[in-house]
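Read off the chains here:
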Amino acid sequence: MSENRGSVDLTAGESVRSTKERAIRGLFFACAALSVLVTAGIIATLLFDALDFFTQVSPAAFYTGTNWSPEIRPYSYGVLPLLTNTLLVTVLSALVALPIGVAAAIYLSEYASTRIRSVIKPALEILAGIPTVVYGYFALVYITPALDTFLPLSTFNALSASIVVGIMIVPMVSSISEDAMSAVPDSLREAGYGMGATKFEVSTGIVVPAAVSGIFSSFILALSRAIGETMIVTVAAGMTPQMVTPGNIDTVMFESIQTMTAAMIQLGLSDVPSGSTSYQALFAIGLTLFAVTFIMNLLSNWVAARYREEYR
Amino acid sequence: MAAERDDASWFGSSNTTGYWKGRLFEFGCLAATLFGILMVLALLAYVFIDAFALFEPQPAWLDIGFLTSAHSRFPERAGIFPALVGSVMMMLVIALSAFPVGVGAAIYLEEYAPDNRITSLIEVNIGNLAGVPSVVYGLLGLAVFVRFGGLGSGTVVVGGFTVGLLILPIVIISAQEAIRGVPDSMRQASYGMGATRWQTVRRVVLPEALPGILTGTILALGRAIGETAPLIMVGVATTVFSPPSGFFDRFSAMPMQIYSWVEYPSEAFQYGVMAAGVVTLLVILLAMNASAILIRNRYERR
């Protein structure tokens with residue numbers, strides 16, 4: 001596909017033709033290059049306002065402050081409550097999604113027949129396709145009242161939002177983990193059976209350890225998705241930034257919190273004037289969020305790439 | 001996947017606890033697989049029951065009046081029409097902007113790109129863009145289209161371009177897969193006839209890859225129709241009372257309208273109007289996904 005075919009054609013139209021070919025090639029290259037421009041654009045726009053913000057509020061005050069109040073005087077821009085609230089939702093949703101996702105992947109890869117798999121896989125994809133604002137509605141209107149019958153829940157709370165975020169990211173964990181498990185060579189399984197191992201022992205003792213970097217990569221990616229998830233936590237978890245410490249997790253998870261993304265939505269909907277410190281705080285949170293998720297995505301790629309080298 | 005084996009019969013009764021442990025594990029894994037699916041199915045059932053008021057004496061919330069009227073403070077009169085029109089117009093902008101650019105990028109990467117560092121940089125970058133939180137795309141749209149481009153806060157083009165950028169990586173990746181599926185022998189035959197690369201792409205590769213490209217694009221548009229966070233960031237209104245009259249007009253979209261109803265605590269809004277809005281959005285989404293699957297099945301080569 002890469003050899004030069006132009007030299008064969010010696011007709012008079014050749015130069016016109018190759019100019020046109022080159023223009024078309026350039027056009028397609030521009031389309032592909034746009035993706036790099038988008039990344040550069042994201043970084044530039046975030047940095048532009050975030051750096052301005054950091055000249056007014058020191059990064060130390062931003063990242064160690066424990067009070068977040070960008071709209072009500074006295075203004076205070078400590079991002080730690082938002083960070084710990086994001087972390088709380090991420091951990092709680094991981095407790096839901098990781099075990100379920102891995103178990104689902106083991107079932108699909110080791111136990112399910114082709115027919116069952118062809119039904120369950122698209123069904124799982126539907127979970128990933130439901131708009132997050134709808135998931136937020138589910139959490140607020142159905143999950144919270146159901147849990148409220150036996151737990152001391154507020155109307156807006158971290159727990160129901162986290163459960164639903166967990167359900168949303170299950171397909172991500174299960175599909176990437178399943179790919180990793182399916183890539184484990186059959187010879188390893190057969191060696192296990194040859195040693196007299198049961199299917200349970202082969203699944204948990206051979207396939208899962210062999211696929212562990214792929215599974216790990218799916219965890220990182222899913223956690224990154226949970227960190228960046230916005231509408232579920234905005235609708236169902238509320239607008240109350242709370243400093244989470246190891247001592248108060250057990251009560252805060254039943255209460256209203258505010259994650260970084262939800263704080264961005266609140267600022268986006270508010271009428272803080274463009275160019276003000278509070279407006280620029282939006283970009284400072286955005287930059288933090290982008291940096292965290294970007295590093296996690298790179299990390300996940302790297303872990304997955306290590307895995308691929310082993311079996312190919 | 002691997003060879004099935006009846007454990008118990010090999011080792012006699014001494015291994016039955018292992019057998020039951022295995023069965024229990026299999027059952028646990030199956031239960032986990034079904035947990036999310038069944039839970040969402042149950043929630044969907046609740047929404048449908050609420051939207052059509054199946055177990056209540058009152059008329060259904062989701063009716064023709066809901067689809068054709070604007071928002072109202074009174075739940076009985078509240079509707080989704082302006083947001084529905086806004087969503088459709090935004091999808092038009094997304095399709096017209098993201099589709100050609102995404103397919104162009106995929107053609108470049110699959111048919112033209114040399115195997116060098118710039119190409120691999122673009123590839124890695126597309127993968128990473130797919131993982132950027134949608135709310136961050138909202139900030140990009142705000143900075144580039146509203147403040148720098150001057151296209152007006154909360155207009156249809158700004159919303160469409162912003163969400164278009166968001167789904168661009170998905171369109172590129174799925175179009176790449178479709179193009180990669182075209183057998184190389186067809187390209188060779190075309191070149192053998194003396195066709196240029198562009199002629200080969202236009203007359204051979206694209207027609208062959210089109211069903212796959214369309215499937216991926218429709219699925220990406222399905223993702224786009226539910227996006228809310230980036231729209232909030234570029235200043236799209238949560239509620240408007242008339243549909244946009246043009247592409248440079250301010251608008252609202254269906255998920256925005258649903259989000260705005262969260263603020264109405266009355267039961268009629270929570271379990272009635274909001275359920276009706278959710279069902280409308282999901283029906284349109286499912287129709288799009290179904291058409292994507294139909295296209296895939298119709299043209300699947302076996």
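Residues numbered from 1 in each chain as written. Chains lettered and ligands numbered in written order. Predicted model: local features only at pLDDT ≥ 70, side-chain atom pairs only at ≥ 80, totals over all residues. Heavy atoms only, no water.

> Go over the overall build of chain A, please, and point to the residues and values.
The helix and strand inventory of chain A stands at 13 helices and 2 strands. Considered along the principal axes of its C-alpha atoms, chain A spans approximately 75 × 70 × 35 Å. Within the span of chain A, comprising 312 residues, buried residues form 54% of the whole. Looking at chain A alone, contacts between residues at least 24 apart form 72% of all its contacts between residues at least 6 apart. By element, 67% of the accessible surface of chain A is carried by carbon and sulfur atoms, the whole surface being about 13200 Å². Mean positive and mean negative side-chain charge positions of chain A (15 and 21 charges, respectively) differ by 11 Å. (Helix = DSSP H or I, 4+ residues; strand = E, 2+ residues; numbered from the N terminus. Buried < 20%, exposed > 50% of the residue type's maximum accessible area, 1.4 Å probe, protein only. Contact = heavy atoms within 4.5 Å. Areas by Shrake-Rupley, 256 points an atom, 1.4 Å probe, with all protein chains shown as cover. Lys, Arg positive; Asp, Glu negative; His and termini not counted. Charge placed at Lys NZ, Arg CZ, Asp CG, Glu CD.)

> Pulling in residues and values, what's your account of the confidence of the model for chain B?
Detailed conclusions should not be drawn from predicted coordinates in areas where pLDDT is low. All names here are of chain B. Taken over all residues, the pLDDT of chain B has a mean of 88, while the share at 70 or more is 94%. Counted against residues more than four places away or in other chains, residues 7-13, with its pLDDT under 50, gives 7 contacts. Here the complex is predicted with pTM 0.88, and the ipTM for its interfaces comes to 0.88. (pLDDT = per-residue confidence, 0-100.)

> How would you sum up the interface of chain A and chain B? Please name residues and give values.
On the chain B side, the residues contacting the 86 residues of chain A number 85 residues. Summing both sides of the interface, chain A and chain B together bury roughly 7700 Å²; the carbon and sulfur share of this comes to 74%. Our count for the contact surface shared by chain A and chain B stands at 1 salt bridge. One salt bridge connects R147 of chain B with D49 of chain A, and the closest N-O pair in it is separated by 2.5 Å. The interface formed by chain A and chain B holds 11 residue pairs in polar contact (both at pLDDT 80 or more) in total. Residues of the side of chain A that touches chain B, tallied by class, amount to 52 nonpolar, 23 polar and 11 charged. (Buried area = accessible area lost by both parts, 1.4 Å probe. Salt bridge = Lys/Arg side-chain N within 4 Å of Asp/Glu carboxyl O. Polar contact = N/O pair within 3.5 Å; in protein donor to acceptor, adjacent residues only side chain to side chain. Nonpolar A, V, L, I, M, F, W, Y, C, P; charged D, E, K, R; others polar.)

> Give me the packing of helix 6 (residues 158-182) of chain A against helix 9 (residues 212-228) of chain A: which residues, what numbers.
All names here are of chain A. Contact geometry of helix 6 with helix 9 gives a least axis separation of 8 Å together with a crossing angle of 155°. Taken as axis vectors, helix 6 and helix 9 run roughly antiparallel relative to one another. In the packing of helix 6 onto helix 9, the handedness of the crossing is right-handed. Mapping the contact onto sequence places V165, M168, I169, M172, V173, I176, S177, A180 and M181 in helix 6 and G214, I215, S218, F219, L221, A222, R225 and A226 in helix 9. Its residues assigned to classes, the contact of helix 6 with helix 9 comprises 13 nonpolar, 3 polar and 1 charged. (Axes fitted to C-alpha atoms, helices over the stretch in contact; angles between N-to-C directions. Parallel < 35°, antiparallel > 145°, perpendicular 65-115°, else oblique. Left-handed = near helix turned anticlockwise from the far one by under 90°.)

> Give a detailed account of a nonpolar patch on the surface, specifying residues and quantitative values.
On the surface, F48, F52, L54, F55 and V283 of chain B cluster together to form a nonpolar patch covering roughly 510 Å² of accessible area. F48 of chain B sits in the partly exposed class, given a relative accessible area of 34%. (Patch = residues over 30% accessible without salt bridge, like charges linked within 9 Å, V, L, I, M, F, W, Y side chains within 5 Å.)

> Help me get a handle on the packing of aromatic side chains, residues and values and all.
Going through the model one piece at a time under the given rule, you end up with 26 aromatic pairs over all chains. Taking 5.7 Å as the distance between ring centres and 50° as the angle between the ring planes, the aromatic pair formed by F28 of chain A and Y112 of chain B counts as tilted. One end of the pair, F28 of chain A, is in helix 1 (residues 14-56); the other, Y112 of chain B, is in helix 4 (residues 81-112), on a second chain. Exposure class is identical for F28 of chain A and Y112 of chain B. Each is buried. Judged by centre distance (5.5 Å) and plane angle (65°), the ring pair of F53 of chain A and F54 of chain A falls under edge-to-face. Residue class for F53 of chain A comes out buried when judged on its relative accessible area of 0%. Residue class for F54 of chain A comes out buried when judged on its relative accessible area of 17%. Taken together, F53, F54, F62, Y63, W68 and Y77 of chain A form an aromatic cluster joined through their ring pairs. (Phe/Tyr/Trp six-rings, centres within 6.5 Å; stacked < 30°, edge-to-face > 60°.)

> For the pattern of salt bridges, give the residues involved together with the corresponding values.
Here the structure, examined in full by the defined rule, presents 9 salt bridges over all chains. Of the charged contacts, one joins D184 of chain B and R187 of chain B as a salt bridge, the two residues approaching to 2.9 Å between their closest N and O atoms. Here D184 of chain B pairs with R187 of chain B, and both are found in helix 8 (residues 184-192), just 3 residues apart, close to one helical turn. Taking the relative accessible area as the measure of exposure, D184 of chain B reaches 37% and is therefore partly exposed. Look at the salt bridges and you will find they share partners, linking E110, D186 and R189 of chain A into a network.

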